[in-house]
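# Secondary and tertiary structure notes
Okay, here's what each chain looks like letter by letter:
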Amino acid sequence: MCGIVGYIGHREAYPVLIKGLQRLEYRGYDSAGIALYDGSEINLSKTKGKVADLKSKAEGEISVQGSLGIGHTRWATHGVPNDVNSHPHYSNSGDLVIIHNGIIENYESLKKALIKRGYTFHSDTDTEVLVNLIEEVQKTENVKLGKAVQIALNQVVGAYAIVVFNKKKPDELVVAKLGSPLAIGIGEEEFFIASDASPFIEFTSNAIYLDDEEMAIVRLGKEVKLRKIKDDAIIYPKVQELQMNIEEIEKGGYDHFMLKEIYEQPKAIKDTYRGRFLANEGIIKMAGMDDYLEKFTQAERIIVVACGTSWHAGLVGEYIFEDLARVPVEVEYASEFRYRNPIINEKDVVIAISQSGETADTLAAIKLAKEKGAFVFGICNVVGSSIARATHAGAYTHAGPEIGVASTKAFTTQITVLALLALKIGESKGNISKVELHQYLSELEAIPTKVEKALEANEHVKYIAGEYKDASNCLYLGRGFNFPVALEGALKLKEISYIHAEGYPAAEMKHGPIALIDEQMPVVVIATRKGHYEKVVSNIQEIKSRKGKIIAVVMEGDKQVKDIADHVLEIPETVECLTPLLTTIPLQLLSYHIAVMRDCNVDQPRNLAKSVTVE
Ligand code: M6R
């Protein structure tokens, strides 16, 4: 969580930093701050609230001149979101200034020791402890800033991506990383630092991604020097060419990133499967998997670890794998898995799913699984992310940047990859024939067009949203492949509209939730024709008899449910195991429109952040 950005070079730093922070706001938006060096002094401005609030404050409060600066957008961990706890933080002398993404776990003991040595603290943050620790090391050891940062970080337990500079040495920024992402953009006589490449994409397409336990001194007129924090070993930086383009990270005429990303799904799904199969020949080729096919075909069990929406995609994967690949699957919340003593061994395959590739709990679950000897396969969207690097092998989803906090295209593209894996394993194990494989692949190939068709219901969904925007609660029901879609639909509604929503397997309703049903309760039911249809129809009747309001997602041409439900939303026909790729579309639109009508901040819902790099 938290976004960090830094600049050193020949242009004015302020506009670069503000724009960069706006692009990183998806990472946290409790408060924001900026520190600029104007040639003699550091000018610092920070505030509770968003980057727009910072901009108004900074422009009235400080000189925004200077070509060296750092900025931060915060998701609060230590200390409530207020002006004082916002970053950047000064050291006691006022010479050093720092921004930090992560958590210093042993900050209390470090703080006590610093207080004994006469340091005072103004905020409740762990970050202010770190900057003073660096200052103390610099003083007592009489070393340069880079060395002081290194010594200080060797005393720290926790996670960080930091940028720090000293006003007495304004030709360098010192950066370091452990557990939180950090990229250095390399321009002509200028450098950019950021949590991801989006703040500097229009200035350079060359970047260095730091690995964990690495630090760098970014000095004007010099090459970037990388070192290992622990043993001081020199690392030769790998400069990567960025694939991202500016259109991908802008709203492109849509009111919100979430809506743009919902509409991008036909392309995102196509980009995800492009080049990975030949439907006519029944061939699947997945570079990340082909070399490890045996691991999958021999696996006694597949364990999926993930959080949030990615966990829901994993649950869909469980149904698909068990159906097509005939391998037992367990889907685990990464946060629970990592603290149990799970029984896993070399015969298990662990699939870690994460859009951001930075989720702390998922990363920890991967580490544990590797320690226990399991083969770990990653499904990530962000190229080069920590999870992509921590796994033995993997497949990217190619959804393009997902900026709205509510995951949409990540979900459908993760299911696309899971379906391809299941089909490949199923065919290799002889559970599905070439002919069947061909049929499934043809269905998959047709999904983007069918998603487009499902999106045509937007105006109708908007009308339904208007009817239920004031509800206090909402139930989502589904069965089989679409039970996880019910969970995902409920998550989407609660996270962006703040309406309490629960997802249930439809048949579980009579074991408790049915007590909630009255004329005030909207119930979204997914009733695809092949998915235990008659049983779901009975469930719908049960709701109707208790005066619940029914919004049903059905397949085109459905008559039976149409007669009972208050509203129906149609999706095109496909094979049952792929229906989640379609049934989820109206549910995404429904939560989007309800949130807009309730005047909620759709892309940046309260208390949340896009990538959860704290446990
Ligand atoms: O980046 P990840 O896929 O690992 O993120 C996992 C969850 O934090 C994420 O899916 C979260 O639940 C979304 N806000 C849901 O829309």
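Criteria and thresholds
Residues numbered from 1 in each chain as written. Predicted model: local features only at pLDDT ≥ 70, side-chain atom pairs only at ≥ 80, totals over all residues. Heavy atoms only, no water. Near = heavy atom within 4 Å. Polar contact = N/O pair within 3.5 Å; in protein donor to acceptor, adjacent residues only side chain to side chain. Areas by Shrake-Rupley, 256 points an atom, 1.4 Å probe, with all protein chains shown as cover. Helix = DSSP H or I, 4+ residues; strand = E, 2+ residues; numbered from the N terminus. Domains from an automatic or database assignment. Contact = heavy atoms within 4.5 Å. Buried area = accessible area lost by both parts, 1.4 Å probe. Salt bridge = Lys/Arg side-chain N within 4 Å of Asp/Glu carboxyl O. Nonpolar A, V, L, I, M, F, W, Y, C, P; charged D, E, K, R; others polar. Pairing = 2+ DSSP bridges. Axes fitted to C-alpha atoms, helices over the stretch in contact; angles between N-to-C directions. Buried < 20%, exposed > 50% of the residue type's maximum accessible area, 1.4 Å probe, protein only. Right-handed = clockwise from strand over helix to strand, strands pointing away.

## Concerning the site of the ligand
Surveying the vicinity of the ligand reveals 15 residues, the closest of which are Ser310, Ser354, Ser356, Thr359 and Glu495. Separating an oxygen atom of the ligand from a side-chain N or O atom of serine 310 is a distance of 2.6 Å. The side chain of threonine 359 places a nitrogen or oxygen atom 2.4 Å from an oxygen atom of the ligand. Here the ligand loses 92% of its free accessible area of 410 Å² to cover by the protein chains. Looking at the shell around the ligand, the elements that each hand over two or more residues are helix H10 (308–325) and helix H17 (483–497). Mapped onto the domain boundaries, the shell around the ligand takes at least three residues apiece from domain 2 (251–453) and domain 3 (456–615).

## Focus on the domain arrangement of the chain
Assigned domains of the chain: these are domain 1 (3–248), domain 2 (251–453) and domain 3 (456–615). Each of domain 1 and domain 3 has a C-alpha centre, and the two are 43 Å apart. Of the residues lining the interface, 11 residues belong to domain 1; the matching set on domain 3 comes to 10 residues. Summed over the three residues of domain 1 that lose the most area to domain 3, namely Tyr26, Tyr29 and Trp75, the buried surface amounts to 52% of that side. Counting every contact that joins domain 1 to domain 3 gives zero salt bridges. Inspection of the region where domain 1 meets domain 3 yields seven residue pairs in polar contact (both at pLDDT 80 or more). Looking at the side of domain 1 that touches domain 3 residue by residue, the classes come out as four nonpolar, four polar and three charged.

## Quick notes on the sheet that holds strand S12 (residues 214–219)
Strands sit in the order S5-S6-S7-S8-S12-S13-S14 across an open sheet of seven strands; the sheet is antiparallel. The strands lining the two open edges of the sheet, one partner per strand, are strand S5 (89–90) and strand S14 (234–235). Relative to strand S6 (residues 96–104), S5 is paired through two bridges, and the arrangement is antiparallel. Paired with tyrosine 90 across the strands is valine 97, a residue of S6. Running at roughly 160 degrees to strand S7 (residues 158–166), helix H5 (residues 145–153) makes contact with S6, S7, strand S8 (172–178), S12 and strand S13 (225–228) of the sheet.

## Looking at the environment of serine 335
Considering the arrangement of structural elements, one finds serine 335 in helix H11 (residues 334–337). Overall, the relative accessible area of 28% leaves serine 335 in the partly exposed class. Placed 28 residues apart in sequence, serine 335 and leucine 363 show a C-alpha to C-alpha distance of 9.7 Å.

## Description of the sheet that holds strand S15 (residues 240–241)
Sheet strands line up and pair through hydrogen bonds in the backbone, either parallel or antiparallel. If you trace the eight strands from one edge of the open sheet to the other, you get S3-S2-S4-S1-S10-S9-S11-S15, paired in antiparallel fashion. Strands at the two margins of the open sheet, each flanked by one partner only, are strand S3 (42–48) and S15. Note: strand S2 (residues 31–37) against S3, seven bridges, orientation antiparallel. In the sheet register, isoleucine 34 faces S3, and the bridge partner there is serine 45. Together, strand S1 (3–8), S2, strand S4 (68–74) and strand S10 (191–194) form the strand contacts of helix H1 (residues 13–24), whose direction differs from that of S1 by roughly 160 degrees. Sheet strands in contact with helix H2 (residues 51–61) are S2, S3 and S4, and its direction is about 140 degrees off that of S3.

## Overview of the pairing of strand S20 (residues 348–354)
Counting buried residues in S20 gives seven out of seven residues, a clear majority hidden from the surface. Burial of the side chains of S20 extends over both faces: Asp348, Val350, Ala352 and Ser354 are buried on one face and Val349, Ile351 and Ile353 on the other. Bridge analysis of strand S18 (residues 301–306) against S20 gives five bridges, and the strand direction is parallel. Note that in S20 the partner of valine 304 across the bridge is isoleucine 351. In this structure, S20 lies alongside strand S21 (residues 375–380), joined through six bridges in parallel fashion. Across the sheet, alanine 352 pairs through a bridge with glycine 378, a residue of S21. This β-α-β element, S20 to helix H12 (residues 360–371) to S21, shows right-handed connectivity.

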